[in-house]
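A look at the structure
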Amino acid sequence: DQQVKQNSPSLSVQEGRISILNCDYTNSMFDYFLWYKKYPAEGPTFLISISSIKDKNEDGRFTVFLNKSAKHLSLHIVPSQPGDSAVYFCARAGGTSYGKLTFGQGTILTVHP
Amino acid sequence: AAGVIQSPRHLIKEKRETATLKCYPIPRHDTVYWYQQGPGQDPQFLISFYEKMQSDKGSIPDRFSAQQFSDYHSELNMSSLELGDSALYFCASSPEGGLGEKLFFGSGTQLSVL
């Protein structure tokens, strides 16, 4: 039972444009959602998070939107840069330890110069 | 700044062999997590330790065991290896079992079972 789903395996965007990565979830209760970025041969790196009591969280070029009625969240990157090219994972924190993350399948973002 | 260190980076084993993966957390981090990422898959939580005690357990096979030592480093022991165990194994550490954004991941150990 995939509780966090990223339905787009890949996304290609031109430099300077907006990148929108999507994530759907099930079994909603009080939750905490996170986005991680992963480069090849490296571990995931935390990008931005949002609590289910909020609708939006912004950090520089990165904004995460949470639509609780649709059980959907999205990550917006504006403007996109070639260095943003990576795999992006949506994750939900939960369980008896907060670090027990349930990840989505990931979306490969490619930003073309 | 010091990061999470995992060793070895790559490991090749035969079926039915055993493997030991090591993880050295960031200094003063007392919580360690293990994740398994199969080819083309999302990372799956295996197990976590807080102050040397198991704090949570995920989809870890009975053939696997793990522990956290007095210096907070952790080892994942895998026995009777199967082809399906081939994966990238990540360790992450955090201070005081904090929320996900306080997880710092290592670069992983790539295990190949032949």
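Please read all numbers here as calculations on a predicted model, not as lab measurements. (Residues numbered from 1 in each chain as written. Chains lettered and ligands numbered in written order. Predicted model: local features only at pLDDT ≥ 70, side-chain atom pairs only at ≥ 80, totals over all residues. Heavy atoms only, no water.)

Time to look at the overall build of chain B. Secondary structure assignment for chain B yields zero helices and 11 strands. When the helices and strands of chain B are read in sequence order from the N terminus, they spell out β-β-β-β-β-β-β-β-β-β-β. Computed over the C-alpha atoms, the radius of gyration of chain B is 13 Å, within 12% of the 13 Å expected from 2.2 N^0.38 for a compact globule of 114 residues. For chain B, the C-alpha atoms occupy an extent of roughly 35 × 25 × 20 Å along the three principal directions. Taken across its 114 residues, chain B has 49% of its residues classed as buried. Accessible surface, chain B: about 5,400 Å² in total, of which carbon and sulfur atoms supply 50%. Side-chain charges of chain B comprise 10 positive and 13 negative groups, with the mean position of each set lying 5 Å from the other. (Helix = DSSP H or I, 4+ residues; strand = E, 2+ residues; numbered from the N terminus. Rg over C-alpha atoms; globule rule 2.2 N^0.38 Å. Buried < 20%, exposed > 50% of the residue type's maximum accessible area, 1.4 Å probe, protein only. Areas by Shrake-Rupley, 256 points an atom, 1.4 Å probe, with all protein chains shown as cover. Lys, Arg positive; Asp, Glu negative; His and termini not counted. Charge placed at Lys NZ, Arg CZ, Asp CG, Glu CD.)

It is worth spelling out the sheet that holds strand E6 (residues 56-59) of chain A at this point. Paired through backbone hydrogen bonds, the strands of a sheet run either parallel or antiparallel to each other. Residues and elements named next belong to chain A. Pairing is antiparallel in the open sheet, where five strands are placed in the order E1-E3-E8-E7-E6. Of all the strands in the sheet, the pair left with one neighbour each is strand E1 (4-5) and E6. In terms of strand pairing, E1 meets strand E3 (residues 19-25) through two bridges, oriented antiparallel. Looking across to E3, one finds that Val4 is bridged to Tyr25. (Pairing = 2+ DSSP bridges.)

Residue and element names in this part refer to chain B. The residue Tyr72 is located in the loop between strand E7 (64-68) and strand E8 (74-78) in this model. On the accessibility criterion, Tyr72 (23% relative accessible area) is partly exposed. For the pair Tyr72 and Pro27, spaced 45 residues apart in sequence, the C-alpha to C-alpha distance is 8.7 Å. Setting aside chain neighbours within four positions, we find Tyr72 in contact with Pro25, His29, Asp30, Val32, Glu51 and Lys52. In this structure the side chain of Tyr72 is engaged in a polar contact, spanning 3.0 Å, whose partner is the side chain of Glu51. (Contact = heavy atoms within 4.5 Å. Polar contact = N/O pair within 3.5 Å; in protein donor to acceptor, adjacent residues only side chain to side chain.)

Looking now at the state of the cysteines. Every disulfide links exactly two cysteines, by a covalent bond between their sulfur atoms. Scanning all chains against the criterion turns up two disulfides over all chains. Disulfide pairing places Cys23 of chain A opposite Cys90 of chain A at an S-S distance of 2.1 Å. Looking along the S-S bond of the Cys23 of chain A-Cys90 of chain A disulfide, the torsion reads about -70 degrees, which is the left-handed sense. Of this pair, Cys23 of chain A sits in strand E3 while Cys90 of chain A sits in strand E9 (residues 86-93), and the two are 67 residues apart along the sequence. Cys90 of chain A matches Cys23 of chain A in its accessibility class, with the two residues each being buried. Each sulfur of the disulfide joining Cys23 of chain B and Cys91 of chain B lies 1.7 Å from the other. The disulfide joining Cys23 of chain B to Cys91 of chain B has a torsion of about -55 degrees about its S-S bond and is therefore left-handed. (Disulfide = S-S within 2.5 Å.)

Time to look at unusual backbone geometry. Here the residue pair Val78 of chain A and Pro79 of chain A is connected by a cis peptide bond, since its omega of -10 degrees sits within 30 degrees of zero. By secondary structure assignment, the location of Pro79 of chain A is in the loop between strand E8 (72-77) and E9. Pro8 of chain B follows Ser7 of chain B through a cis peptide bond whose omega is -10 degrees. With respect to the helices and strands, Pro8 of chain B occurs in the loop between strand E1 (5-7) and strand E2 (10-13). Although it is not a glycine, Ser80 of chain B sits at a positive phi angle of roughly 45 degrees.

Attention now goes to the pattern of salt bridges. Residues and elements named next belong to chain A. As enumerated under the stated definition, the model contains six salt bridges over all chains in all. Measuring nitrogen to oxygen at the nearest pair gives 2.9 Å for the salt bridge that ties Asp55 to Lys68. Residue Asp55 is located in the loop between strand E5 (45-51) and E6, and its partner Lys68 is located in the loop between strand E7 (62-67) and E8; the two are separated by 13 residues in the primary sequence. Classification of Lys68 by relative accessible area gives partly exposed; the value is 36%. (Salt bridge = Lys/Arg side-chain N within 4 Å of Asp/Glu carboxyl O.)

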